[in-house]
Amino acid sequence: MVAPDNVKLGAHVSALGIFIVYFQLSIKLTGRLNGWASPKDVVLHLVGKLTVNGGTGHIFEYFGEGVESLSCTGMATICNMGAEMGATTSVFPYTPSMHDYLVATGREQVATQADAFQNELLRADEGCEQAQVYDRVVEIDLSSLEPHINGPFSPDRSFPLSEFAKAVKENNWPTELKSALIGSCTNSSYEDITKAADIANQAKAAGLSAKSELLITPGSTMIEKTIARDGLTQSLTDIGGMVLANACGPCIGQWKRHLDDENEPNAIITSFNRNFVKRNDGNPKTLNFLAAPEVTVAMSFAGTTTFNPVTDNIPGTDFKFSPPKSKTLPSRGFSFYSQDIFQRPNPDANADVNVSPSSERLQLLEPFDAWNGEDFKDMLVSVKVQGKCTTDHISAAGPWLKYKGHLENIAENTLIGAVNDENDKVNNVHNSLTGEFDTIPEVMKAYKDAKKQWMVLADHNYGEGSAREHAAMQVRYLGGSVVVARSFARIHETNLKKQGVLPLWLQDENDYSKISPRAVCSTDGLSSIAPGSKVDLLVRNPGQDTIRIPLRHTLSGDQIEWIRAGSALNMIAAAQAREEAASA
């Protein structure tokens, strides 16, 4: 837990040189979930209130009587989606449901230790309710919370279920529901699947089958084996569902669509955590709406986005769902996987790694060049990004994922989803060397080939979404030195640092408008960079005098060494080499 005397915005430098800047936001949960409302609805409601960047730089602490009514995996779902608000992390106080989950998953010793400290270290901090202690307090009454559906194209476009059909009609969204997908990292607990299976069993008893394609992605081998043993898989396949491999799957576009036209406008509903444009299948006209698993499955039987399972009969029938029943944990315990299914490696540090130079999917990585310790001079702006720019905009998923092992090939998709502030076009920017417009990757490659340093200028919450390291690696590979932004999503900001790219924040976010997409920029202050040190950006817009724009950074001492070495991996390799030399 975070001590309340440390929750105000500030800099705290530990003995390890870690520089931390954060706010503390507390969320008071009162009442108790009932009917169709679920933990997923808590966070869908919250992200609608706070927006996708409302938690940037914050730690979320949940507290209140309502916490006691939540399952451990329900709290995990809420914490999982803290990233969708930009939160640094999310915490709940220790509860009996956490004890039960630890025991059920074979971690009795951990549960025993947690029990011993639950009243001392693992409880909600004093002062959670006080705005003068915490930066912000949000209250959610679980008793009055209704199911939510969020989307499309952003997790914070939030609608109570009772208002969603109206939104579909007002926005002219597709009414046919093509696919319903549950599972992934966010909503594939045993409790989630029991709710989904109960809905399936109700429908089967009424002689119904799913009208929309229904796909289920277990979150782990343990869940996959347990739900199969307990008949839950059978319940879902009996009504037309298909169980996929326990992996990211459709959430990052790894599935086969069955559309007459792969580019047609269509609607899907998922229990995933994010729904950015083109994320699920590369089609910008696929509208992904986020919901709880039980709502997702129920809507698959209606086959329409205007169906409300809480109030409506299935179209053409007199059948109406009852609120789903669930089991928090399996009564027979979890079915654990056998270690025999793994092929244990026999590592040999001297073994050759042979990769065909003609391979399109694998490529040996070459270390990035170390930084010379000097300021970056005369950087060209490769793109001035306008508006939302997630890691899906920076490094597209779907069919591109086959190149994850080949940096040169996957770099061809770098920022192809970004909107250029100069012309409001996607993946279309000015090449300062030729005077022509081209795609963003082609311009970046041209600058790299000409040995021109370049930077990215970004808007708010740059890099929100998946912790996709390729989004940082690709920028580095194509020669990017610096990303300047109004604000960063925390995980992507750290990934940039790991790859040797400097993430720099505009001290005044309004200075974004002072930098032309065709500006030439230099840094001032990097040669003496230290935690909390001052850095400026010298901006020379076309036909204007140079202006000085103040920046800030969040680099710790260790992270500065990553930058100096060229990447975190370079620093680790150098440290290993020193150890080997010392022991020789």
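Conventions used here
- Residues numbered from 1 in each chain as written.
- Predicted model: local features only at pLDDT ≥ 70, side-chain atom pairs only at ≥ 80, totals over all residues.
- Heavy atoms only, no water.
- Domains from an automatic or database assignment.
- Contact = heavy atoms within 4.5 Å.
- Buried area = accessible area lost by both parts, 1.4 Å probe.
- Salt bridge = Lys/Arg side-chain N within 4 Å of Asp/Glu carboxyl O.
- Polar contact = N/O pair within 3.5 Å; in protein donor to acceptor, adjacent residues only side chain to side chain.
- Helix = DSSP H or I, 4+ residues; strand = E, 2+ residues; numbered from the N terminus.
- Nonpolar A, V, L, I, M, F, W, Y, C, P; charged D, E, K, R; others polar.
- Pairing = 2+ DSSP bridges.
- Axes fitted to C-alpha atoms, helices over the stretch in contact; angles between N-to-C directions.
- Buried < 20%, exposed > 50% of the residue type's maximum accessible area, 1.4 Å probe, protein only.
- Parallel < 35°, antiparallel > 145°, perpendicular 65-115°, else oblique.
- Left-handed = near helix turned anticlockwise from the far one by under 90°.
- UniProt positions renumbered as here; feature names shortened; annotations may be inferred.

Participant: Go over the domain arrangement of the protein with me, naming the residues and quoting the values.
Facilitator: Segmenting the protein into domains produces domain 1 (16–141), domain 2 (148–253 + 261–302) and domain 3 (379–575). Counting from both sides, the interface comprises 21 residues of domain 1 and, opposite them, 26 residues of domain 2. Both faces considered, domain 1 and domain 2 share a buried interface measuring about 1,600 Å² in area, 54% of it formed by carbon and sulfur atoms. The largest share of the area that domain 1 buries against domain 2 comes from Trp36, Lys40 and Leu44, three residues that together contribute 32% of it. Taken together, the links from domain 1 to domain 2 amount to 1 salt bridge. The partner of Glu84 in a salt bridge is Arg274, and the shortest N-O contact between them spans 2.6 Å. Counting across the interface, domain 1 meets domain 2 through 14 residue pairs in polar contact (both at pLDDT 80 or more). Contributing elements (two or more residues each) for the side of domain 1 that touches domain 2: helix H1 (39–50) and helix H2 (72–80). Considering every element that reaches the side of domain 1 that touches domain 2, the biggest residue donor is H1, with 7 residues. Taken together, the residues of the side of domain 1 that touches domain 2 sort by class into 8 nonpolar, 10 polar and 3 charged.

Participant: Give a detailed account of the sheet that holds strand E3 (residues 23–30), specifying residues and quantitative values.
Facilitator: Taken together, the 4 strands give an open sheet; going across it, the order is E5-E4-E3-E6, and neighbouring strands pair in parallel fashion. Whereas interior strands pair on both sides, the edge strands pair on one side only; in this sheet they are strand E5 (89–91) and strand E6 (136–141). Direction aside, neighbouring strands of the sheet carry axes that sit 20° apart on average. The pairing of E3 with E6 spans 6 bridges and is classified as parallel. Bridge pairing in E6 links Thr30 to Asp141. Set on the sheet, H1 makes contact with E3, strand E4 (58–63) and E6; between it and E6 the angle comes to about 140°.

Participant: Outline the environment of Asp192, listing residues and values.
Facilitator: Tracing the sequence through the fold places Asp192 in helix H6 (residues 190–205). Considering only alpha carbons, one finds Asp192 and Glu294, 102 residues apart in sequence, at a separation of 7.5 Å. Ignoring sequence-local partners within four residues, the contact set of Asp192 consists of Thr77, Thr186, Asn187 and Pro293.

Participant: So what's going on with the sheet that holds strand E22 (residues 547–552)? Residues and values would help.
Facilitator: Overall, mixed pairing links the 7 strands, which are arranged E14-E17-E18-E19-E22-E21-E20 in a closed barrel. On average, adjacent strands in this sheet sit at an angle of 40° to one another, irrespective of strand direction. Relative to strand E17 (residues 454–458), strand E14 (residues 379–384) is paired through 4 bridges, and the arrangement is parallel. By the bridge assignment for E17, Val383 is matched with Val456. Here helix H12 (residues 440–449) sits on the sheet and contacts E14 and E17; the angle it forms with E14, its principal contact strand, is near 175°.

Participant: I'd love a proper account of the pattern of salt bridges, names of residues and values included.
Facilitator: On inspection of all chains with the given rule, the structure shows 25 salt bridges. Where Glu422 meets Arg518, a salt bridge forms, and the shortest distance between an N and an O atom there is 2.7 Å. Separated by 96 residues along the polypeptide, Glu422 in the loop between helix H11 (407–410) and strand E15 (429–430) and Arg518 in the loop between strand E19 (502–506) and strand E20 (520–524) bring together distant segments of the chain. Owing to a relative accessible area of 30%, Glu422 belongs among the partly exposed residues under this scheme. Between Arg564 and Glu561 there is a salt bridge, and its shortest N-O distance comes to 3.7 Å. Of this pair, Arg564 and Glu561 both sit in helix H15 (residues 557–565), 3 residues apart, which is roughly one turn of that helix. Through salt bridges with shared partners, a single network forms among Asp524, Lys534, Asp536 and Arg548.

Participant: Describe in detail the packing of H6 against helix H9 (residues 293–302), supporting the description with residues and values.
Facilitator: It is the contact of H6 with H9, at a shortest axis distance of 8 Å, that shows an interaxial angle of 25°. The angle between the axes of H6 and H9 places the two elements in the roughly parallel class. The element H6 and its partner H9 pack so that their crossing is right-handed. For the pair H6 and H9, the contacting residues are Asp192, Lys195, Ala196, Ile199, Ala200 and Ala203 in the first and Pro293, Glu294, Val297, Ala298 and Phe301 in the second. Here the contact of H6 with H9 is composed, by residue class, of 8 nonpolar, no polar and 3 charged.

Participant: Lay out H9 with the relevant residues and their values.
Facilitator: Taken across its 10 residues, H9 has 10 buried, putting it largely inside the fold. Looking at H9, one finds that the buried residues are Pro293, Glu294, Val295, Thr296, Val297, Ala298, Met299, Ser300, Phe301 and Ala302. Looking at the buried positions of H9, the neighbouring elements they touch are strand E7 (148–150), strand E9 (177–183), H6, strand E10 (213–217) and strand E12 (266–270). A positive backbone phi angle near 75° is found at Gly303, which sits one or two residues after H9.

Participant: Any details on the UniProt feature "domain: Aconitase A/isopropylmalate dehydratase small subunit swivel" (unreviewed entry) in the protein? Residues and values, ideally.
Facilitator: UniProt records the feature "domain: Aconitase A/isopropylmalate dehydratase small subunit swivel" (unreviewed entry) for residues 383–508 in the present numbering. Here residues 383–508 runs as 28% helix and 17% strand, with 20 Å between its end C-alpha atoms.

Participant: Break down unusual backbone geometry for me, citing the residues and quoting the values.
Facilitator: Most peptide bonds are trans, and most residues other than glycine sit at a negative phi. Look at the link from Gly151 to Pro152: it is a cis peptide, with omega at 0°. Non-glycine residue Lys278 carries a positive phi angle of around 70°. Inspection of the secondary structure puts Lys278 in the loop between E12 and strand E13 (286–290). Exposure remark for Lys278: the relative accessible area of 38% places this residue in the partly exposed category. Located in the positive-phi region is Asp378, a residue other than glycine, with phi close to 55°. For Asp378, the position within the fold is in the loop between H9 and E14. Accessibility expressed as a relative area gives 43% for Asp378, which makes it partly exposed.

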